[in-house]
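The primary structure of each chain is shown beneath.
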Amino acid sequence: RTLAELDARVTKCRACPRLVDWRESVAHDKRASFAGEPYWGRPVASLGDPEAWLGIIGLAPAAHGGNRTGRMFTGDRSGDWIHAALYRAGMNSQPDSTVAGDGLVMSGARTIAPVHCAPPDNKPTPGERHACAGWLRRELQLIPTLEVLIALGGIAWQATLSGVRAMGWDVPRPQPRFGHGAEAVLTRPDGVPVRLLGSYHPSQQNTFTGRLTTEMLDAVFARAKEIHQV
Ligand code: SF4
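Report follows, based on the coordinates. As the structure is a computational prediction, the values presented were derived from the model and not from experiment.

**With respect to the site of the ligand**
Item 1. Taken together, the neighbourhood of the ligand is formed by Cys13, Ala15, Cys16, Leu19, Arg23, Pro43, Val115, His116, Cys117, Ala131 and Cys132.
Item 2. Assessed atom by atom at 2 Å from the grid points, the ligand resides in the largest cavity.
Item 3. Contributing elements (two or more residues each) for the shell around the ligand: α2 (17–30) and α5 (126–141).

**Quick word on the packing of helix α1 (residues 3–10) against α5**
Item 1. Between α1 and α5, the shortest axis-to-axis distance is 10 Å and the interhelical angle comes to 165°. Judged by the inter-axis angle, α1 sits roughly antiparallel to α5. When you trace α1 past α5, the crossing you get is left-handed. The segment α1 lies against α5, with Leu3, Leu6, Arg9 and Val10 engaging Trp135, Arg138 and Glu139.
Item 2. Tallied by class, the residues present in the contact of α1 with α5 amount to four nonpolar, no polar and three charged.

**Side note on the pattern of salt bridges**
Item 1. For the structure shown, the criterion picks out 10 salt bridges.
Item 2. The partner of Arg71 in a salt bridge is Asp102, and the shortest N-O contact between them spans 3.6 Å. Here the residue Arg71 occupies a position in the loop between α3 (66–69) and α4 (77–88), and Asp102 occupies one in the loop between α4 and β3 (109–112), the gap between them amounting to 31 residues.
Item 3. Glu139 is the partner of Arg110 in a salt bridge, and the nearest nitrogen-oxygen pair spans 2.7 Å. Here Glu139 lies in helix α5 and Arg110 lies in strand β3, a separation of 29 residues in the sequence.
Item 4. The class for Arg110 is buried, based on a relative accessible area of 2%.

**Thoughts on the layout of surface pockets**
Item 1. Roughly 780 Å³ of volume is contained in the largest pocket.
Item 2. Contributions of two or more residues to the lining of the largest pocket are made by α4, α6 (154–166) and α7 (204–208).
Item 3. Counting residues per element, the lining of the largest pocket draws most heavily on α4, at four residues.
Item 4. Looking at side-chain class alone, the lining of the largest pocket contains 16 nonpolar, 12 polar and five charged residues.
Item 5. There is about 220 Å³ of room inside the second largest pocket.
Item 6. Along its surface, the second largest pocket is lined by 13 residues, and Arg129, His130, Ala133, Ala159 and Ser162 are the ones closest to its centre.
Item 7. If you list the elements that add at least two residues to the lining of the second largest pocket, you get α5 and α6.
Item 8. Broken down by element, the residue count for the lining of the second largest pocket peaks at six residues, all from α5.
Item 9. The residue makeup of the lining of the second largest pocket, split by class, is seven nonpolar, four polar and two charged.

**Things to note about α4**
Item 1. Taking 1.5 Å per residue as the helical rise, α4 with its 12 residues ought to reach 16 Å, and the 16 Å between its terminal C-alpha atoms agrees with that figure.
Item 2. Taken together, the buried positions of α4 are occupied by Ser78, Gly79, Ile82, His83, Ala84, Ala85 and Leu86.
Item 3. As for α4, its buried residues are in contact with β1 (47–48), β2 (54–57), β3, β4 (148–152), α7 and α8 (214–229).
Item 4. A positive backbone phi angle near 80° is found at Gly90, which sits one or two residues after α4.

**Side note on the pairing of strand β5 (residues 183–187)**
Item 1. Here β5 shows one buried face, formed by Ala184 and Leu186, and one open face, formed by Glu183, Val185 and Thr187.
Item 2. As judged from the five bridges shared by β5 and strand β6 (residues 193–199), these two strands associate in the antiparallel manner. By the bridge assignment, Glu183 is partnered in β6 with Leu197.
Item 3. A loop of five residues connects β5 with β6, the two strands running antiparallel in sequence, and Gly191 in this loop sits at a positive phi of about 90°.

**What to know about the side chain of His83**
Item 1. Within the fold, His83 resides in helix α4.
Item 2. Given a relative accessible area of 1%, His83 falls into the buried group.
Item 3. Within the structure, the side chain of His83 is placed 3.1 Å from the backbone oxygen of Phe73, a separation counted as a polar contact.

Conventions we followed
Residues numbered from 1 in each chain as written. Predicted model: local features only at pLDDT ≥ 70, side-chain atom pairs only at ≥ 80, totals over all residues. Heavy atoms only, no water. Near = heavy atom within 4 Å. 1 Å grid on protein atoms, 1.4 Å probe; cavity = no way out; pocket = protein on both sides within 12 Å on 5 of 7 lines; lining within 4 Å. Sits in = over half its atoms within 2 Å of the grid points. Helix = DSSP H or I, 4+ residues; strand = E, 2+ residues; numbered from the N terminus. Axes fitted to C-alpha atoms, helices over the stretch in contact; angles between N-to-C directions. Parallel < 35°, antiparallel > 145°, perpendicular 65-115°, else oblique. Left-handed = near helix turned anticlockwise from the far one by under 90°. Contact = heavy atoms within 4.5 Å. Nonpolar A, V, L, I, M, F, W, Y, C, P; charged D, E, K, R; others polar. Salt bridge = Lys/Arg side-chain N within 4 Å of Asp/Glu carboxyl O. Buried < 20%, exposed > 50% of the residue type's maximum accessible area, 1.4 Å probe, protein only. Points joined across faces, edges and corners; volume = space filled by probe spheres on them. Expected span 1.5 Å × (residues − 1). Pairing = 2+ DSSP bridges. Polar contact = N/O pair within 3.5 Å; in protein donor to acceptor, adjacent residues only side chain to side chain.

Structure (structure tokens):
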């Protein structure tokens, strides 16, 4: 199976009844607010370079962001932060992405969510996170070029550690703790190391309060590039 086939398959998933209902009802109710634009309202596939060395793991698409555009971490303010940081790091062709087909090209990076459907209040349940974990594992298996993963927030950090452990990767013990700037070395079964970096999630709660600044986010991307270039 290829990554493109996986992306196509995930958009048809209906495993989580609450999220199926939410993503579709949001799309139905809000479509009129975005007149002229199609409203995706389905699971959102990961976005970016299929041969990425950097994977950016967030939480889930936003109800009016990825759930609207159909592209992971676009169309909302958190996504704007991520794509602006990728542009500053020289990995995006443009600093923002507002609609599908706007010409965005991502080089070396891929935005990945451990939950592919927009959840109410941006909070997937543990059961929904568990249901979607298989998609994350399959995706990571299909990107052997990955060298660095950036986990945006504690849930992404935990989902990444659980996912790779289930794939037989070696995870340090005791389990590495999440923090902004935290680092852990994960080792694939073939012995290849993949570095996990922690960053606070660019939610409005974090960016409005200054808990996460552009400088702090840029520093994590700079560290990722440093690892890549060694
Ligand atoms: Fe399927 Fe994941 Fe969406 Fe649940 S969250 S319906 S497992 S794609």
